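Chain residues, written in single-letter form:
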Amino acid sequence: MLRLEGITAAYGPILALRDVSLEVEEGSVVTLLGANGAGKTSTLRVISGLLRPQAGRVELAGERIDHLSPERIVARGVAHVPEGRQLFVNLTVRENLELGAYTRRDRAGVRQDLERVFHYFPILKERERQQAGTLSGGEQQMLAIGRGLMSRPRLLLLDEPSLGLAPLVTREIFEIIRAINAQERLTVLLVEQNARLALGVARKGYVLETGRVVLADRAENLRENEEVRRSYLGY
Amino acid sequence: MFQWLGQLFLAPPPWENPQLFGEQVVAGLATGSVYALVALAIVLIYRSTDIVNFAQGEMAMFTTFAMWSLHLAGVNTWVLIVLAALLGLALGAVVERVVIRPVEGKPELSVIVVTLGLFVVLNSVATWVWAQGVLPKTFPTPLSLLESVNLGFARVSQHHVAVLAIGVAVMVALAALFNYTRLGLAMRATAQNPTAARLMGINVGNMLTLGWALSAGLGGLAGALIAPITFLHPAFMLSVLLYAFAAAVLGGLNSVPGAVVGGFAIGVVENLLGTYTPDWLGAEMKLPLTLLLLVLVLLVRPTGIFGTQAVRRV
């Protein structure tokens with residue numbers, strides 16, 4: 001579904017990614033692990049077009065997308081749920097969800113997807129008319145994911161969905177991510193600080209260090225890996 | 001018993017001449033609707049770019065002079081009002097693409113300086129092209145400033161009634177655009193969080209261009225509506241801009257309904273002060289007095305009447 005080949009990217013003079021290659025198979029959940037500043041968020045920003053790579057290529061289902069603008073890439077089926085959620089806090093829950101479907105013209109399908117999002121996140125239905133900024137942290141994360149789903153993506157990029165949330169809420173959100181992936185075979189690329197949770201839901205993982213992929217393996221192997229255990233799992 | 005109070009006024013006080021009071025209120029609402037349009041223009045740009053466009057008034061002055069030329073060429077006066085708005089739209093779009101786009105993402109001060117530069121350029125060009133011969137020029141109205149409409153409680157000039165009606169109609173249309181259309185929602189989203197808007201698939205650059213176009217379109221319309229009252233000269237939008245800015249700040253710089261309410265409030269206050277300010281103070285004091293009232297309101301509500309800090313949980 002998604003392939004990155006030799007991606008190098010920088011913010012001005014600061015190199016963020018060096019020769020990053022990775023692959024996400026259709027219908028799978030793949031996670032990116034790594035410390036702060038390792039390049040996880042930058043990788044997602046390259047995929048969604050917010051950060052233009054200096055070298056390398058990004059392919060979505062066999063087609064190059066690394067030269068496209070973010071708005072084109074959304075239309076191709078990539079939904080990026082960014083770090084810190086980036087909701088439209090002064091707009092209502094409903095309006096946020098409608099904006100998620102901005103690139104779509106099929107009204108009936110959008111209405112259907114709205115029901116689908118409310119099915120996964122019933123609390124959003126209750127809060128439909130409220131300003132997004134008045135939601136709790138967990139509800140805001142649910143709204144951010146729901147807004148991403150509204151574009152009916154082929155690939156969902158999730159950046160730190162557990163950020164600032166209580167463990168119980170985090171677990172709930174991960175359950176829903178798992179359910180969405182299982183029921184709809186939606187491909188997910190997940191960036192997560194909480195390696196234990198991420199490796200619990202992912203099939204495959206990549207470990208980034210200072211902008212490079214240093215390890216790539218199946219999730220169960222990474223869970224057993226001495227280095228990963230010490231650095232990211234803490235036992 | 002109010003005689004001593006009545007002495008304080010320049011004109012007969014409201015309880016002696018309610019008709020005059022009513023007329024002044026309606027006339028104030030009419031000029032207020034023009035201030036509201038310009039205040040909306042200011043707010044539109046402030047909300048999406050966090051800057052105040054200091055060239056707002058000069059852009060409107062420029063389009064109004066262009067309309068004056070068309071008037072001399074024999075174009076129908078109703079058509080002029082529509083063309084003023086359309087030329088404003090075009091001017092706003094061009095200014096955003098050509099002048100503002102290059103400094104986008106630069107510190108806000110750079111952008112403000114660019115709008116000041118635009119102010120000077122437009123003012124100079126307009127002076128060079130149009131400000132020859134007798135100034136100020138009279139600007140035509142499709143109706144009459146002398147013929148009045150009887151509203152029952154007051155008689156108001158046809159032009160003032162038309163200005164009020166056009167102003168209100170445009171504001172209703174704008175409200176519908178922002179609240180009930182996909183485009184309006186996209187504009188609000190872009191104003192609030194451009195990065196997230198891009199991730200939704202919104203072309204943020206186009207939204208900014210559209211915002212500037214709408215803003216200058218409102219300015220152009222306002223210029224053509226107020227020019228028959230104020231007469232036309234290169235600085236004629238300055239006082240309008242000052243009142244409109246006061247209106248925007250009074251309403252809360254980021255609030256669209258605030259700009260409308262602020263505009264009407266400032267228009268009425270200005271008119272009443274102009275009518276009733278006692279002799280020893282002089283009607284010329286209405287601008288500073290209006291601004292003094294503004295300062296008093298801001299002391300009580302620093303964000304303006306409708307302005308808010310964004311609700312946010314971190």
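Residues numbered from 1 in each chain as written. Chains lettered and ligands numbered in written order. Predicted model: local features only at pLDDT ≥ 70, side-chain atom pairs only at ≥ 80, totals over all residues. Heavy atoms only, no water.

A. How the structure looks around the overall build of chain B. Assigned secondary structure in chain B consists of 12 helices and 2 strands. Listing every helix and strand of chain B by position from the N terminus yields α-α-α-α-α-β-β-α-α-α-α-α-α-α. Taken over C-alpha atoms, the radius of gyration comes to 20 Å for chain B, in line with the 20 Å a tight globule of 314 residues would show. Its C-alpha atoms put chain B at 70 × 55 × 35 Å along the principal axes. For chain B, with 314 residues in total, the buried portion stands at 49%. (Helix = DSSP H or I, 4+ residues; strand = E, 2+ residues; numbered from the N terminus. Rg over C-alpha atoms; globule rule 2.2 N^0.38 Å. Buried < 20%, exposed > 50% of the residue type's maximum accessible area, 1.4 Å probe, protein only.)

B. A look at the interface of chain B and chain A. Taken together, the contact pairs 21 residues of chain B with 28 residues of chain A. Taken together, the two surfaces of chain B and chain A that pack against each other cover about 2,300 Å², and 58% of this comes from carbon and sulfur. Of all residues in chain B, Arg182(B), Leu199(B) and Met200(B) give up the largest surface area on contact with chain A, accounting jointly for 31% of the area buried on that side. Counting across the chain B and chain A interface gives 2 salt bridges. Glu71(A) is the salt-bridge partner of Arg198(B), the closest N and O atoms lying 3.7 Å from each other. Linking chain B with chain A are 5 residue pairs in polar contact (both at pLDDT 80 or more). Secondary-structure elements contributing two or more residues to the side of chain B that touches chain A are α7 (182–192) and α8 (194–199) of chain B. By residue class, the composition of the side of chain B that touches chain A is 11 nonpolar, 5 polar and 5 charged. (Contact = heavy atoms within 4.5 Å. Buried area = accessible area lost by both parts, 1.4 Å probe. Salt bridge = Lys/Arg side-chain N within 4 Å of Asp/Glu carboxyl O. Polar contact = N/O pair within 3.5 Å; in protein donor to acceptor, adjacent residues only side chain to side chain. Nonpolar A, V, L, I, M, F, W, Y, C, P; charged D, E, K, R; others polar.)

C. Structural view of the packing of helix α3 (residues 56–72) of chain B against helix α4 (residues 77–100) of chain B. Residues and elements named next belong to chain B. One can describe the packing of α3 onto α4 by two numbers: an axis separation of 9 Å at closest approach and a directional angle of 135°. Comparing their axes, α4 and α3 come out oblique. When the axes of α3 and α4 are compared, the crossing they make is right-handed. Along the contact surface, α3 presents Met59, Thr63, Ala66, Met67, Leu70 and His71, while α4 presents Leu80, Leu83, Ala84, Leu87, Gly88, Leu91, Gly92 and Val95. Along the lines of polarity and charge, the residues of the contact of α3 with α4 split into 10 nonpolar, 4 polar and no charged. (Axes fitted to C-alpha atoms, helices over the stretch in contact; angles between N-to-C directions. Parallel < 35°, antiparallel > 145°, perpendicular 65-115°, else oblique. Left-handed = near helix turned anticlockwise from the far one by under 90°.)

D. Region of interest: unusual backbone geometry. With an omega of -5°, the peptide bond between Leu135(B) and Pro136(B) qualifies as cis. In this fold, Pro136(B) is placed in the loop between α5 (108–130) and β1 (148–150). Positioned with a positive phi, Gln86(A) is a non-glycine residue whose angle comes to about 50°. For Gln86(A), a relative accessible area of 30% gives the class partly exposed.

E. How the structure looks around the packing of aromatic side chains. All names here are of chain B. Counted according to the given criterion, the structure contains 5 aromatic pairs over all chains. On the basis of an interplanar angle of 40° and a centroid distance of 6.4 Å, the ring pair of phenylalanine 21 and tyrosine 276 is categorised as tilted. Pair noted here: phenylalanine 21 is in helix α2 (residues 18–49) and tyrosine 276 is in helix α11 (residues 256–276), with a separation of 255 residues, a long-range link. Aromatic pair tyrosine 35 and tyrosine 243: ring centres 5.1 Å apart, planes at 25°, arrangement stacked. Of the two residues, tyrosine 35 sits in helix α2 while tyrosine 243 sits in helix α10 (residues 236–251), which places them 208 residues apart along the sequence. The exposure classification of tyrosine 35 matches that of tyrosine 243, with both residues buried. Members of the aromatic cluster, connected to one another through ring pairs, are Phe62, Phe65, Trp68 and Trp130. (Phe/Tyr/Trp six-rings, centres within 6.5 Å; stacked < 30°, edge-to-face > 60°.)

F. The arrangement of the nonpolar core in detail. Residues Phe88(A), Leu99(A), Ile202(B) and Met237(B) are the most contacted members of the largest nonpolar core, which totals 73 residues. The biggest single contributor to this core is α2(B), with 12 residues. Non-local contacts of Ile202(B), meaning those with residues more than four positions away in its chain, are made with Glu71(A), Leu99(A), Tyr102(A), Ala186(B), Ala189(B), Thr190(B), Ala197(B) and Met207(B). Core analysis: the next-biggest nonpolar cluster, separate from the first, contains 45 residues, Val81(A), Leu135(A), Ile145(A) and Ile180(A) among them. (Core = buried A, V, L, I, M, F, W, Y, C linked by side-chain atoms within 4.5 Å.)

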